[in-house]
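Spelled out, the chains give:
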Amino acid sequence: MQKIYPSPCEKVSIKGLYLAHQLHKQGSIESPFVYANFLSSLDGRIALEDAAQDTYIPKHITTASDFGLFMELHAQADCLITHGGYMRALGAGRLGNILQVRNKDHVEWRRNNGLKPQPAVIIASASLNFPLHHSLQEHAQTVYIATGRNADPERIRYWQDLGVPVLFTGEDRMVRGAPLIRQLSALGYKTIYLIAGPQMLDTMIRDRQLSRLYLTITHQLIGGKDFRTLLTGSTLGTEGNLTLEALYYEQDSPPGSGQFFIQFGLKHAA
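Source: prediction; values computed, not measured.

Colleague: Sorry, what's going on with the packing of helix α6 (residues 177-186) against helix α7 (residues 198-206) here?
Modeller: The axes of two packed helices give the description: the angle between them and the distance between them. At a minimum axis distance of 7 Å, the contact between α6 and α7 shows a crossing angle of 85°. Between α6 and α7, the interaxial angle falls into the category roughly perpendicular. Contacts between α6 and α7 involve G177, L180 and I181 on the former and, on the latter, M200, T203 and M204. In terms of residue class, the contact of α6 with α7 is built from four nonpolar, two polar and no charged.

Colleague: Help me understand the sheet that holds strand β12 (residues 227-228), please; the structure alone is not making it clear to me.
Modeller: Adjacent strands of a sheet pair through backbone hydrogen bonds, lying either parallel or antiparallel. Across the sheet, three strands lie side by side as β5-β4-β12; this open sheet has antiparallel pairing. Each edge of the sheet is formed by a strand with only one pairing partner; in this case those strands are β5 (55-56) and β12. Both strand β4 (residues 47-49) and β5 contribute to a ladder of two bridges, which runs antiparallel. If you follow L48 over to β5, its bridge partner there is Y56.

Colleague: Would you explain the nonpolar core in this entry?
Modeller: A general feature of soluble globular proteins is that nonpolar side chains tend to end up buried together. Counting residues in each nonpolar core, the largest one holds 35 residues, and the members touching the most others are Y18, Y35, L73, M87, L99, W159 and Y193. Listing elements by their share of this core, those giving two or more residues are β3 (33-40), α1 (64-75), α2 (84-91), β7 (120-124), β8 (143-147), α5 (153-161) and β13 (243-251). Per element, the largest residue contribution to this core is four residues, and it comes from α1. Within the second largest apolar cluster, 33 residues are counted, among which are Y144, I181, Y189 and L213.

The rules we used
- Residues numbered from 1 in each chain as written.
- Predicted model: local features only at pLDDT ≥ 70, side-chain atom pairs only at ≥ 80, totals over all residues.
- Heavy atoms only, no water.
- Axes fitted to C-alpha atoms, helices over the stretch in contact; angles between N-to-C directions.
- Helix = DSSP H or I, 4+ residues; strand = E, 2+ residues; numbered from the N terminus.
- Parallel < 35°, antiparallel > 145°, perpendicular 65-115°, else oblique.
- Contact = heavy atoms within 4.5 Å.
- Nonpolar A, V, L, I, M, F, W, Y, C, P; charged D, E, K, R; others polar.
- Pairing = 2+ DSSP bridges.
- Core = buried A, V, L, I, M, F, W, Y, C linked by side-chain atoms within 4.5 Å.
- Buried < 20%, exposed > 50% of the residue type's maximum accessible area, 1.4 Å probe, protein only.

Structural data, given as structure tokens:
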């Protein structure tokens, strides 16, 4: 893979590229380091929607390189933020399980760097209607549910009766970025990885909580009328300004195309 920015341009190894960022050292309890990672086509698609309105990532835009770097980011987190839609899709077998660190080298890396064997998992949800995956209990992961104060009281009691702590992080039913990060900070989390979708990215950017955005852009056009893109909310102002920190190019991956691996910083992050 070729490093294009910052100079000098040089060939670099993909393996270990993102582990070298030492993200677990970037944040503190007072100011957690919050980061997200997305894969996008050139025409801005991060996922398509099928006839049943289930979202999926077209297989031809995915690569082993992108997934490997995704898992390197995953390995550095003490806390993951996902959402109820993913939990429903996981329970139905439509998506694979990315709730645990499974690569042996990454497990060893966490041990050597003072991290717990597995990250905590925060499940953001307005409906509170999703199943807990059995792997969370099997790996003894700490689990919290985040929702708004106006969420269904019966669903709130349901989770509380199961012994799952519920964090109230918004005034209506939706989760808001700043209240969520404040509560995770109070719980002692310092390195927070968003593996949720556009709505979570949107609120984190609007509330100025995102520290870094990792973006893989595959050099392919997908098209399609029903799709998801990075953001879905109203127009952003200066909170949407990004600063390029690094740019890498991998040729002929996917085959017959290529991809950029880009790292953006947000100088205004809380």
